[in-house]
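Tertiary structure, described
Letter by letter, the chains look like this.
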Amino acid sequence: MSATRVSLTDWLRGSAVYRSIVRHGTADTNRNRSLVIFENLFLHVHPVKVREKTLRFSHTYWLGGVTLVSSLVLIATGILLMFYYHPSVPQAYRDMKELNYVVDNGLFLRNLHRWAAHLMVFAAFLHMLRVFYHRAYRPPRQFNWVIGVVLLIVTLFLSYTGYLLPWDQLAFWGVSVGTNMAKEAPLVGEKIRFLLLGGNVVSENALLRFYVLHCVVLPVAFLLFLSVHIWRVRKDGGVQGPPSDTNDPRGEEAP
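As a starting point, this report considers the structure included with it. Just so you know, these numbers come straight off a predicted model, no measurement behind them. (Residues numbered from 1 in each chain as written. Predicted model: local features only at pLDDT ≥ 70, side-chain atom pairs only at ≥ 80, totals over all residues. Heavy atoms only, no water.)

Attention now goes to the packing of helix 5 (residues 63-82) against helix 11 (residues 204-235). Remark: helix 5 packs on helix 11, axes separated minimally by 13 Å, with the N-to-C direction vectors making an angle of 150 degrees. By the angle between their axes, helix 5 is roughly antiparallel relative to helix 11. For the element pair helix 5 and helix 11, the recorded crossing hand is left-handed. Contacts between helix 5 and helix 11 involve Leu68, Ser71, Ile75 and Met82 on the former and, on the latter, Tyr211, Cys215, Phe222, Leu223 and Leu226. (Axes fitted to C-alpha atoms, helices over the stretch in contact; angles between N-to-C directions. Helix = DSSP H or I, 4+ residues; strand = E, 2+ residues; numbered from the N terminus. Parallel < 35°, antiparallel > 145°, perpendicular 65-115°, else oblique. Left-handed = near helix turned anticlockwise from the far one by under 90°. Contact = heavy atoms within 4.5 Å.)

The following block contains the structure:
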């Protein structure tokens, strides 16, 4: 029975149909393990080999994963909040009051969105410190370090642009202070402030612009840079340490 099963398996693997689907052999070799990753639609983003120590919690503290999960929570809760929000004056403030006191679980949904944003900023900052401390920004990963810096900046802008949306006193004065700080930038400060506010004062134009930035422009930019960032992490061999700690040119792991 066992021999029959083996011969049937060998026949199936040798058939033209199987070979047309699976282009590599089944031998447990480095080449075939690599081909499994390269030729699989869902696995091609993964590196062929990673070092065991990079999978330990103490190596990364899962800070990149925490940042990613926080962003997914923000996307989910943000979409739900958009069903109850109008970016107009004074309706925006009324919508926030309804979320707090009328909509079922509205206060929980809003607080979940807010605390996820705080956690995302905090985890992203710690993630950057971890990468810097482990010197994982060195060649050949310097490009991905730049992408990570851009992602941190986009994350901070996402947090800031959401500040105005409740249209309360805290939001009004917070945006006023922030845009006045931007105005002090040499040469382009006045233009940046005018571009952000859509005028010279915090008004309905500013609310609409911050809403579009927060819900459309910055999330699209974040997802694009995040895709490149994760792709480069995988193709550079995962979250490894300094380049001197990686595999040698012969394909064997360093001692």
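The rest of the description comes next.
Here the focus is a nonpolar patch on the surface. Nonpolar side chains collect at one region of the surface, where Leu68, Leu72, Ile75, Ile79, Leu80, Met82, Phe83, Tyr84, Leu223 and Ile230 lie side by side and expose about 910 Å² of accessible area between them. For the nonpolar patch, the secondary-structure elements that each account for two or more residues are helix 5 and helix 11. For the nonpolar patch, the leading source of residues is helix 5, giving six residues. Position of Ile75 relative to the elements: it lies in helix 5. (Patch = residues over 30% accessible without salt bridge, like charges linked within 9 Å, V, L, I, M, F, W, Y side chains within 5 Å. Areas by Shrake-Rupley, 256 points an atom, 1.4 Å probe, with all protein chains shown as cover. Salt bridge = Lys/Arg side-chain N within 4 Å of Asp/Glu carboxyl O.)

What follows concerns the side chain of His214. Positionally, His214 belongs in helix 11. At 3.3 Å, the side chain of His214 forms a polar contact with the backbone nitrogen of Gly162. Setting aside residues no more than four positions away along its own chain, His214 makes contact with His113, Leu158, Thr161, Gly162, Leu165 and Pro219. (Polar contact = N/O pair within 3.5 Å; in protein donor to acceptor, adjacent residues only side chain to side chain.)

This paragraph deals with helix 11. Here helix 11 contains 32 residues, and its C-alpha end-to-end distance of 45 Å stays within 8% of the 46 Å for a straight helix at 1.5 Å per residue. Taking the largest bend as the criterion, helix 11 deviates by roughly 45 degrees, centred on Leu213. Ala206, Leu207, Phe210, Tyr211, His214, Leu218, Phe222, Leu226 and His229 are the residues of helix 11 that are buried. Looking at the buried residues of helix 11, the elements they touch are helix 5, helix 6 (91-101), helix 7 (106-133), helix 8 (142-161), helix 9 (169-183) and helix 10 (189-197). Note on helix 11: the residue one or two positions beyond its end, Gly237, has a positive phi of about 100 degrees. (Expected span 1.5 Å × (residues − 1). Bend = angle between axes of the 7 residues up to and from the residue. Buried < 20%, exposed > 50% of the residue type's maximum accessible area, 1.4 Å probe, protein only.)

Spatial relationships are all this shows, so hold off on functional conclusions.
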